[in-house]
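# A structural walkthrough
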Amino acid sequence: MNQVAHIFKALSDDTRLRIVGLLLEGELCVCDLMAILELPQSTVSRHLAYLRHARLAHDRRPWPSTFYPLADPAPAFPAGPPAAPRDHPARRPPPDPPAP
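Residues numbered from 1 in each chain as written. Predicted model: local features only at pLDDT ≥ 70, side-chain atom pairs only at ≥ 80, totals over all residues. Heavy atoms only, no water.

For the rest of this paragraph, the subject is the nonpolar core. Membership of the largest hydrophobic core comes to 17 residues, with the highest contact counts inside it found for Ile-19, Leu-33, Leu-48 and Leu-51. Where this core is concerned, the elements lending two or more residues are helix H1 (3-11), helix H2 (14-24), helix H3 (30-37) and helix H4 (41-53). Leave out the neighbours within four places in its chain, and Leu-33 touches Ile-19, Leu-22, Leu-28, Glu-38, Val-44 and Leu-48. (Core = buried A, V, L, I, M, F, W, Y, C linked by side-chain atoms within 4.5 Å. Buried < 20%, exposed > 50% of the residue type's maximum accessible area, 1.4 Å probe, protein only. Helix = DSSP H or I, 4+ residues; strand = E, 2+ residues; numbered from the N terminus. Contact = heavy atoms within 4.5 Å.)

Quick look at the structure:
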């Protein structure tokens, strides 16, 4: 799947969107997310795995806890949006105005 599409799919779930919102304020461990979201560990871990797979978060594992900060956004959008082909109407110059 296209990386950008995968990112939008990851953000289309309400729980994952809430997790991203919480991680914007700083990294959290699974136990903190469980308490805030009032969800079981397996559900929180599944959503975090999805965010890691989409490269929106990563894990940091100082023993005994695992913390999840947001990932650097640069790898998700490496080249920016694709450019229009040369013959695409968006790249053609505007027509000359009609003569008076």
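From this point on, the discussion continues.
What follows covers the environment of Ala-71. Along the polypeptide, Ala-71 turns up in the segment after strand E2 (67-68). Judged by its relative accessible area of 22%, Ala-71 is partly exposed. Separated by 20 residues in the primary sequence, Ala-71 and Leu-51 place their C-alpha atoms 9.5 Å from one another. Here Ala-71 is in contact with Arg-55, Leu-56, Ala-57 and His-58, once residues within four sequence places are set aside.

Keep in mind these numbers describe shape, not what the thing actually does.
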